[in-house]
Amino acid sequence: MSMRIYRRFLLALVLIIAPGGLHAQSIEDMAGQMIMLGFNGDAVTDAGVRAVREQIGRGEIGGVMYLRTNVASLPAIRSINGALVAARPWLPPFIALDQEGGQIERLTRAVGFAEIPSAAAVARQGPEAARAIYAELGRNLAREGFNVNFGPVVDLDLNPANPIIARYERAYGSDAETVTAFARAFIEGHHAAGMGTALKHFPGHGSSTGDTHDGFVDVTEVWQESELDPYRALIGAGLADMIMVAHLFNAEWQDGDALQLPASLSPHWIAGVLRGELGFEGVVISDDLEMGAIRSRFDLEETVVRAVAAGNDILLFSNTVAYDPELGTEIHAILVEKAGEDPRFASLIEASYGRIIALKRRLGIMP
């Protein structure tokens, strides 16, 4: 029997043992809330949309992420999002997207959505304009049924040749005070509309010379400690809902890490720096765990287990490398199986569940 079939057998056995559904505090339900998945399809009747809707209904995943390929029209989006919420109305999913502005957006004027400028362009307009821009963006996203926007970018613009931040004008500036001020406008505008946000890309991508979409990125020689300052300020102000951790390696801060784990899989960065030094008690979400920096080095099971052990609360998979409609089911089975083997791993899932539910309640996602 293959490992994939074995895991699905275990999950089926759990469902047989607990007919009629699982209790809210079961390890199965808790594990499901930790998975956020990309999907195929742009209509509520598409097979890929039905697949994630069913996984939400069974409690196997707790959120979805939109890409531009999922966007056909605003009415279609509203139909999809309504169906996703209806699949488990007592515990609705996070419905997320990257709508930063500029070139990083999923909803465009082509479908009738009001686009906004890039972060760099917003910063040139000043704080008052930023507050108005982000308040309107938050309202527009909430109206379409979204409840999380993966932003603001709080990377410092330290490398003009940066291939993923500077290239697309995703940073507000090169100093932490400026970045923090505009990030605050982004967050407060979204909060006013009931939208959650995610600071990114911890511990700082603005100085890098490589792109983690492509493969391993070592920032040892370029990263600066000032890149933590926006996180420190926004956490201290109580404005951080989620923090997204990037797939970056820094030997100076991970001395003795023979595996050269990226920050997203590193207990040092998440449990040590983010939780310990910076005092963050909210939801930690990984960057897409299908990026080249991860998939080129770790298989699915190792990725999932290391991500949880490092301290991630939500494991984000775009499901784009080799689309699998049952990916959420498979990841869920890995989490449940490992929790059954290791009480410490189960306790990490329970702690993550608590943080996720607290955020869903605070944002009004849960009824």
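That block above? That's the structure.
Residues numbered from 1 in each chain as written. Predicted model: local features only at pLDDT ≥ 70, side-chain atom pairs only at ≥ 80, totals over all residues. Heavy atoms only, no water.

S.K.: What is the right way to read the overall build of the protein from this model?
M.R.: Looking only at helices and strands, one finds 13 helices and 10 strands in the protein. Counting only C-alpha atoms, the protein reaches 60 × 50 × 35 Å along its principal axes. Expressed as a percentage of its 367 residues, the buried residues of the protein come to 59%. Of all intrachain contacts in the protein linking residues separated by at least 6 positions in sequence, the fraction that spans at least 24 positions is 76%. Accessible surface for the protein amounts to roughly 14,000 Å². Of this, 53% is attributable to carbon and sulfur atoms. Charged side chains of the protein number 30 positive and 46 negative; the gap between the two group centres comes to 6 Å. (Helix = DSSP H or I, 4+ residues; strand = E, 2+ residues; numbered from the N terminus. Buried < 20%, exposed > 50% of the residue type's maximum accessible area, 1.4 Å probe, protein only. Contact = heavy atoms within 4.5 Å. Areas by Shrake-Rupley, 256 points an atom, 1.4 Å probe, with all protein chains shown as cover. Lys, Arg positive; Asp, Glu negative; His and termini not counted. Charge placed at Lys NZ, Arg CZ, Asp CG, Glu CD.)

S.K.: Explain the pairing of strand E3 (residues 94-97) here, please?
M.R.: Neither face of E3 is left uncovered, since the one carrying Phe94 and Ala96 and the one carrying Ile95 and Leu97 both have all their residues buried. Of the pairings in the sheet, the one linking strand E2 (residues 63-65) to E3 comprises 3 bridges and is parallel in character. Note that in E3 the partner of glycine 63 across the bridge is phenylalanine 94. Handedness of the β-α-β unit built from E2, helix H4 (residues 74-86) and E3 comes out right-handed. Two strands pair when backbone bridges link them, and E3 and strand E4 (residues 148-149) are joined in this way by 2 bridges, in the parallel orientation. Paired with leucine 97 across the strands is asparagine 149, a residue of E4. (Pairing = 2+ DSSP bridges. Right-handed = clockwise from strand over helix to strand, strands pointing away.)

S.K.: Mind showing me how you'd approach the sheet that holds strand E10 (residues 315-317) here?
M.R.: Pairing in this open sheet of 8 strands is parallel, and the strands run E9-E7-E5-E4-E3-E2-E1-E10 from one edge to the other. Lying at the two open borders of the sheet, with one neighbouring strand each, are strand E9 (283-286) and E10. Taken together, the 3 bridges between strand E5 (residues 196-202) and strand E7 (residues 242-245) define a ladder with parallel strand orientation. Residue pairing in the sheet places phenylalanine 202 in a bridge with valine 245 of E7.

S.K.: Sorry, what's going on with the environment of glutamate 221 here?
M.R.: By secondary structure assignment, the location of glutamate 221 is in the loop between strand E6 (217-218) and helix H8 (229-236). Here glutamate 221 falls in the exposed class, since its relative accessible area comes to 74%. Distance in space between the C-alpha atoms of glutamate 221 and serine 207 is 9.5 Å, their sequence separation being 14 residues.

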